Amino acid sequence: MEKEILEHGFNFNRRRFLSRLSLGLGSAALGSLMIPDLFGGNSTDEEGFTPGIPHFAPKAKRVIYLFQNGAPSQQELFDYKPKLREMLGQEIPPSVRGNQRLTGMTANQSSFPLVGSFVDFKQYGQSRAWVSDLFPYTAKIVDDLCIVKSMYTEAINHDPALTFLQTGSQQGNRPSMGAWLSYGLGNENKNLPNFTVLLSRGVGNGQGVYSKLWSNGFLDSIHQGVQFSKGEDPVLYLRDPEGMDRHARRDMLDNLAKLNDMAYQEFGDPEITAKVKQYEMAYRMQTAVPEVMDLSKEPDDIVKLYGPDCLVPGTYAANCLLARKLSENGVRFVQLYHQGWDQHGNLPFEIAKQAKDVDQASAALVTDLKQRGLLDETLVIWGGEFGRTSYTQGKLTADNYGRDHHPRCFTIWMAGGGIKPGMVYGETDELGYNIAQNPVHVHDFQATVLHQLGLNHEKLIFKHLGRRYRLTDVSGKVVRDIIA
Amino acid sequence: MKRFFYLIGALTGFMGMMQACQTDSATKADDAKLPDVVSYNFDIRPILSDKCLACHGPDANKREAGLRLDVAESAFKALQENPSAHALVAGKPEVSEAFLRITTQDTSLLMPPPSSNLKLSQREIRLIEKWIKQGAKYEKHWAFVPPQKPALPEVDQKDWPKNEIDYFILHKQEQKGLKPNEEADKERLLKRLSLDLTGLPPSLEMMDRFMADNSPNAYEKAVDQLLKNPAYGEKMALHWLDLARYADSHGYQDDGYRTQWPWRDWVIHAFNKNMHYNDFVTWQLAGDLLPNSTKEQLLATGFNRNHKITEEGGVIPEEYRIMYVTDRTDLFGKGLLGVTMECAHCHDHKYDPFSQKEYYRLFAFFNNVAEVGIESVIGGPETYAKKPLMEISDKDVKDILTFVNKPDTNRLIVSVMGDLDTLRKTHILNRGNYDAPGDVVEPGTPEAILPFNKNYPKNRLGLAQWLFDKKNPLTARVYVNLLWQEFFGKGIVKTSGDFGMQGDLPTHPELLDWLAVDFMSHNWDIKRLVKQMVTSATYRQSAVVPPEKLKNDPDNVYLARGPRYRIHAEFVKDLVLSSSGLLNQSIGGPSVKPYQPAGLWEGATSGRGLLSTYNQDHGPSLYRRGMYTLIKRTVPPPSMAIFDASNRDLCEVKRLRTNTPLQALVMMNDPTVLEASRVLAAKLLQENTADKDKISKAFRLIVGRKPREQEVEMLTAYYEKETKSIKKPVAEKAVSVGEYPIPGNVDKTKLAALMRVVSTIYNLEETITKT
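Residues numbered from 1 in each chain as written. Chains lettered and ligands numbered in written order. Predicted model: local features only at pLDDT ≥ 70, side-chain atom pairs only at ≥ 80, totals over all residues.

- Going by an unreviewed UniProt entry, chain B carries the name Cytochrome c and comes from Larkinella arboricola.

This is how it looks when you write it as structure tokens:
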């Protein structure tokens, strides 16, 4: 099969684009189904195209974003603060808290006692990064990770914070990061959607996810995230009705195409031929999607790597394995959401289970991509929407406590995609409340992600209702220190 | 020296003209004629904006030579570099430095500089020349000048126009060397009309009647009949529900259920009784403030409470209250005034003449509501509306609010407007932050649009009066344009939510103004306006796209052919239900939960509240019109979203219109379509007719016209082939889709085969297209 990258829209720079990427489409199985240029859904209304993409040579081609929905506590996972243990039960000094606004859940609390992690930390790898005992698998791959401890955001509630991280704005209706990348870079694969979403849920306190988080906003709906779900219909309406086999569907589509062609002869409207092409794409997706979703053929060592849960559809582990397959097949942006990280109370019990849910499979994904030689061109991101407070929410007892939302600092990690491996970036103060060094704003993070994909965040724009919109709104600086 | 430049300029202009005369009039129409009077707004400003203002515009940091060309004083004053010269001298291009610099052959002096890669066309140069000759008059932005009713333009093809609209459309076509299409054939015309006025395909009976009616006013009769159909109110309501961001859940993270649907029932009712636009909007903005306000007027104010309301424990109440007021203000700007006020939420507007202070003056009108940022966390029926609210009793429904389709005797509450007794102070919020209040402001309106009349009360009622002040330049234009968009596919101003500087210019400004003034002088009568549009010759043209029109006017800007595009998501469903005979025609009431792929709500919920699991409805509720499908904001109905329906998060005045493989999957595999195919097939099989007739009938019901011979043959052959190839057990499975019962006396194999044929017809491009 001839290797090629098929992209949507960007004809002028295609040659240069092609010459700069080492090309590769993973699956030969999809090869026979490849027909160029059919996933380019058309719209009568798209405007404001940005010429000259990519803006510079990209390091990464694809992104897998392991979103930890609900905001994992950095104090129990990556941000080791022995001082908090020493000061157990003491009031957080007002000088540290400053004028930080509080959520309605702790605003009326009369006391803000500090609490350290219930779990121990150790240093790992050549980078000597601190990782808690809750993450034994992640600990083993720290030399592949860039751990950023100095992320901060502007929102203190889940909905606006999630929306901010995914769309660059706290208010709805803007395109999400995956939609922007799809718009900016087009499609490598003509049988699968460019931006896919996988959901899973842990046992911890749940917070909803919202389809607006994978919205195309004002971009063409071809850039919308397509949710792949467990079960027989992994993409909505994908499965043909009972009794309709491939052959019967083909027959139906052939008849349909002939009838549509008669209408074309009469009306001469190019929309008619465009419609026929979308039906053909749908037909190919009907084969390609179940193929990619089928994990039964994965060898034992892969199953072992991701853990036995990876064979249980709908789990985080299964979604991680699926993410690798989708990404390997050229899906530009694979977004996972794992719910259950909102530990306002009962933190020691819940977070241990949440951590167990995600630790092995997250690490396995990085290892798996690395062993396939795909980590260099795939940017993996792990993290939530904000951090959690160093003081306890609710009652502090000998073995139990909770933590409230905290926008001022949180930890994420990135791997691959031209990000420096084996690095810990940014520091918080000794109470883990404020950033002490190298703050990274959400827009800086987004600018960096786009940069790794060869996009200048100030130039990837879309004009809508007279305003030019960007993922990073009006700010954002690429964090050059973490780029390899 | 100056004389030399002038000569070159004149020569270039002359050569340009020579060239224009030689070119083909249809393809190079743009070069052939310059307007008699060159307009700054329409002809010059776009050129300046595109080619000049980057260096000679509002941005002081980028300005070259101290020269600004977007402001008259600066353009006419002595040049910084050469005080004896002026960029523009009214009436005299030959001494206007700007003109000399765009026509010089000295590339070191030429503007725009060659290094910018920008170049003025000959036509642009000639336009600028003519504009300067005519006095180089600057104008206020077109949309901020009240419309005047223009005279009807002269046309050559005098027998074409059917009403005033057509003179404007034809005049422009003739200028561009285009000719209108023939009138569409009657079948297609009726389908178009029926879809546009009711959102439903015409019934067989209506088709037969219309085809048989050869009277000259047959079409008009059909229009009147459809306008009287209660489905008209449902069709018209849809664009308003988008604009008013109506939904059945509160939004935000828990996204609990709300009972705002009685407001939606009122909207349908208002359109059906042809409430005029000024009253329609005044009630919604200020029904509670009207003298002797009625319950119906109060219900109308639900409009301003349709926004999202948080139920997330732990939010800061004031932050959210400010968001609600912001949402109302932005909707008022975008939906009713067609301007992007939201840009001035954090700073002075970058393009339009609205200051941040003016934003907060407008904000002040909506800032006195007796509401809190969070009233309750997600819970039971008492949380389905938030204060201020009204209760609708069974007696109300019997006596006054008869249009509210209340199905049971449960307590029914709706969020509506109601102000505090005291005045809440409105501050300018620095950078738009709720916790950074600045100066206190009084309620007021943007000066550039229309100053607020001192006689108006300084509340929402006064704001409504200001909105419908005949001197308000925007209100009528914006709504006329919205309706034009509904019937012709795109607005006369394509950016229907932005009439500001950055918005598109109207393609037919005189027509827009004529319609706006006519609309106002007929007391904002919506049905009359709709009728004007659909009875025009412009609307009635065939939608055939001749190759030369596709080439010269691919986007159909000049409307030399009829509108042809896919119908809205909700109407796709309506078409399927209606043509199969499944449609439940009841109007209004609580929203319903028809078939939906399993697990969507469950997979994305916080686990709290009534909407955490999807309990599908059964029976007649499955067959309600698409607009009654429950909209849970965080997980909107998937088949609707796939066809570009609004998620109702914020005010939306224009839907995208896309064509994707997911849409093909919906039409092929959504149980709604499959069940309708099966039900229609069963019905046809029970009729004592030939196979061909059954298929022709299905085709007529679904596509809205008789099939061609070739089409029937192909579909009949397909039917015969499927009848032979489908095995009995397969047939059993195939027909089991949907809950509607299968009649006992129907052969399952034939049913399965005919079902496939019907389903194929549903999948035709023409079926869900307005043709």
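Alright, that's what it looks like, and here's the rest.
Overview of the overall build of chain B
Here comes step 1: Looking only at helices and strands, chain B has 31 helices and seven strands in total.
Here comes step 2: Computed over the C-alpha atoms, the radius of gyration of chain B is 29 Å, within 12% of the 28 Å expected from 2.2 N^0.38 for a compact globule of 771 residues.
Here comes step 3: The principal-axis extents of the C-alpha atoms in chain B amount to approximately 95 × 70 × 45 Å.
Here comes step 4: Looking at chain B as a whole, 52% of its 771 residues are labelled buried.
Here comes step 5: Look at the contacts in chain B between residues 6 or more apart in sequence, and 68% of them connect residues 24 or more apart. (Helix = DSSP H or I, 4+ residues; strand = E, 2+ residues; numbered from the N terminus. Rg over C-alpha atoms; globule rule 2.2 N^0.38 Å. Buried ≥ 20, exposed ≤ 12 C-beta atoms within 10 Å, placed from the backbone. Contact = placed C-beta atoms within 7 Å.)

Examining the overall build of chain A
Here comes step 1: A tally of regular secondary structure across chain A gives twelve helices and 18 strands.
Here comes step 2: Within chain A, the fraction of its 484 residues that count as buried is 60%.
Here comes step 3: For chain A, the share of sequence-separated contacts (at least 6 apart) that also reach a separation of at least 24 residues comes to 77%.

Observations regarding the domain arrangement of chain B
Here comes step 1: In terms of domains, chain B is made up of domain 1 (2-139), domain 2 (144-180 + 474-563), domain 3 (186-228), domain 4 (239-469), domain 5 (565-659) and domain 6 (669-770).
Here comes step 2: The gap between the C-alpha centroids of domain 3 of chain B and domain 4 of chain B is 38 Å. (Domains from an automatic or database assignment.)

Digging into the confidence of the model for chain A
Here comes step 1: Per-residue pLDDT for chain A has a mean of 86; in total, 88% of the residues score no lower than 70.
Here comes step 2: pLDDT under 50 marks residues 1-51 of chain A. Its contacts with residues more than four places away, or in other chains, come to 83 contacts. (pLDDT = per-residue confidence, 0-100.)

A closer look at the pairing of strand β9 (residues 378-383) of chain A
Regular strands show a simple pattern: their side chains alternate between the two faces of the sheet.
Residue and element names in this part refer to chain A.
Here comes step 1: For β9, the tally of buried residues reaches six of six residues, placing the bulk of the element in the interior.
Here comes step 2: In this structure, strand β2 (residues 62-69) lies alongside β9, joined through six bridges in parallel fashion. When the bridges of β9 are listed, Leu66 appears paired with Trp382.
Here comes step 3: Where β9 and strand β12 (residues 410-415) come together, three bridges link them in antiparallel fashion. Bridge assignment links Trp382 to a residue of β12, and that residue is Trp413. (Pairing = 2+ DSSP bridges.)

Quick look at the interface of chain A and chain B
Here comes step 1: Each partner contributes residues to the interface: chain A has 61 residues there, and chain B has 71 residues.
Here comes step 2: When residues of the side of chain A that touches chain B are traced back to their parent elements, those giving at least two are β1 (42-43), α5 (158-167), α7 (246-267) and α8 (270-293) of chain A.
Here comes step 3: When residues in the side of chain A that touches chain B are grouped by element, the largest group, ten residues, is from α7(A).

Some points on the environment of A:Glu291
All names here are of chain A.
Here comes step 1: Tracing the sequence through the fold places Glu291 in helix α8.
Here comes step 2: With 16 C-beta atoms packed within 10 Å, Glu291 lands in the partly exposed category.
Here comes step 3: Between the C-alpha atom of Glu291 and that of Val474, which follows or precedes it by 183 residues, the distance is 42 Å.

Concerning the nonpolar core
Here comes step 1: Membership of the largest hydrophobic core comes to 189 residues, with the highest contact counts inside it found for A:Cys146, A:Val148, A:Val380 and A:Met414.
Here comes step 2: The greatest single-element share of this core, amounting to ten residues, is contributed by helix α11 (residues 347-371) of chain A.
Here comes step 3: Each of domain 5 (565-659) and domain 6 (669-770) of chain B gives at least three residues to this core.
Here comes step 4: Apart from the residues within four sequence positions on either side, A:Val380 is in contact with A:Ile64, A:Leu66, A:Leu365, A:Val366, A:Leu369, A:Met414, A:Ala415 and A:Gly416. (Core = buried A, V, L, I, M, F, W, Y, C linked by C-beta atoms within 7 Å.)

Some thoughts on the confidence of the model for chain B
Residues and elements named next belong to chain B.
Here comes step 1: On average, residues of chain B score 92 in pLDDT, and 95% of them reach the 70 mark or higher.
Here comes step 2: For residues 1-29, every residue scores under 50 in pLDDT, and the model assigns this stretch 34 contacts once sequence neighbours within four places are set aside.
Here comes step 3: Reported for the predicted complex are a pTM of 0.82 and an ipTM of 0.88.

Comments concerning helix α3 (residues 40-56) of chain B
Residues and elements named next belong to chain B.
Here comes step 1: Its 17 residues place the ends of α3 only 16 Å apart at the C-alpha level, less than the 24 Å of an ideal helix rising 1.5 Å per residue.
Here comes step 2: Its maximal kink placed at Ser49, α3 deviates by approximately 55 degrees.
Here comes step 3: Three or more residues of α3 are buried, namely Ile44, Arg45, Ile47, Cys52 and His56.
Here comes step 4: If you follow the buried residues of α3, they end up packed against α6 (122-133). (Expected span 1.5 Å × (residues − 1). Bend = angle between axes of the 7 residues up to and from the residue.)

Observations concerning unusual backbone geometry
Here comes step 1: The step from B:Met111 to B:Pro112 runs through a cis peptide bond, and the omega angle for that step is -15 degrees.
Here comes step 2: Position of B:Pro112 relative to the elements: it lies in the loop between α5 (97-103) and α6.
Here comes step 3: One non-glycine residue, A:Asn346, adopts positive backbone phi at about 55 degrees.
Here comes step 4: As for its placement among the helices and strands, A:Asn346 is situated in the loop between β8 (333-339) and α11.
Here comes step 5: Phi at B:Arg431 takes a positive value of approximately 50 degrees, unusual for a residue other than glycine.
Here comes step 6: One can find B:Arg431 in the loop between β3 (426-429) and β4 (437-441).
Here comes step 7: Among the residues examined, B:Arg431 registers 10 C-beta atoms within 10 Å and is labelled exposed.

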